Amino acid sequence: MELMEALRNRRAVRDFKEEQIDRSTIEGLISAAILAPSSMNLQPWAFAAVPDRERIESYGARARAWLLENADDLGREARTLLERPGFSIFH
């Protein structure tokens, strides 16, 4: 695939399956991500794989509550989105 074709046809997929991804696949993806170039080769990244749905939902609820309590400069659209019932910061 050519670069311009990839850019024109890119999309965000938010239709996920319920099945777990095996650990070796996750480790392979992280190993590949580590190979990405970084500014001045500083490699400032950190990765976390959280396969437990309840834990992800808990993190999302806590982050949402923190933002609503502490981020005064969120902007009207962001605050409205965060206040919407059932909204999750993790799609």
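Residues numbered from 1 in each chain as written. Predicted model: local features only at pLDDT ≥ 70, side-chain atom pairs only at ≥ 80, totals over all residues. Heavy atoms only, no water.

## Points about the pattern of salt bridges
Okay, step 1: For the coordinates displayed, the defined rule picks out two salt bridges.
Okay, step 2: Across the pair Arg53 and Glu18 runs a salt bridge whose closest N-O atoms are separated by 3.6 Å. Here Arg53, found in helix H3 (residues 53-70), pairs with Glu18, found in the loop between helix H1 (3-9) and helix H2 (23-34); they are 35 residues apart in sequence, far enough to count as distant.
Okay, step 3: According to the relative accessible area criterion, Glu18 is exposed, its value standing at 64%.
Okay, step 4: Notably, a salt bridge pairs Arg23 with Glu27, separated by 2.9 Å at the nearest N-O pair. Here the residue Arg23 and the residue Glu27 both occupy positions in helix H2, the gap between them amounting to four residues, near one helical turn. (Salt bridge = Lys/Arg side-chain N within 4 Å of Asp/Glu carboxyl O. Helix = DSSP H or I, 4+ residues; strand = E, 2+ residues; numbered from the N terminus. Buried < 20%, exposed > 50% of the residue type's maximum accessible area, 1.4 Å probe, protein only.)

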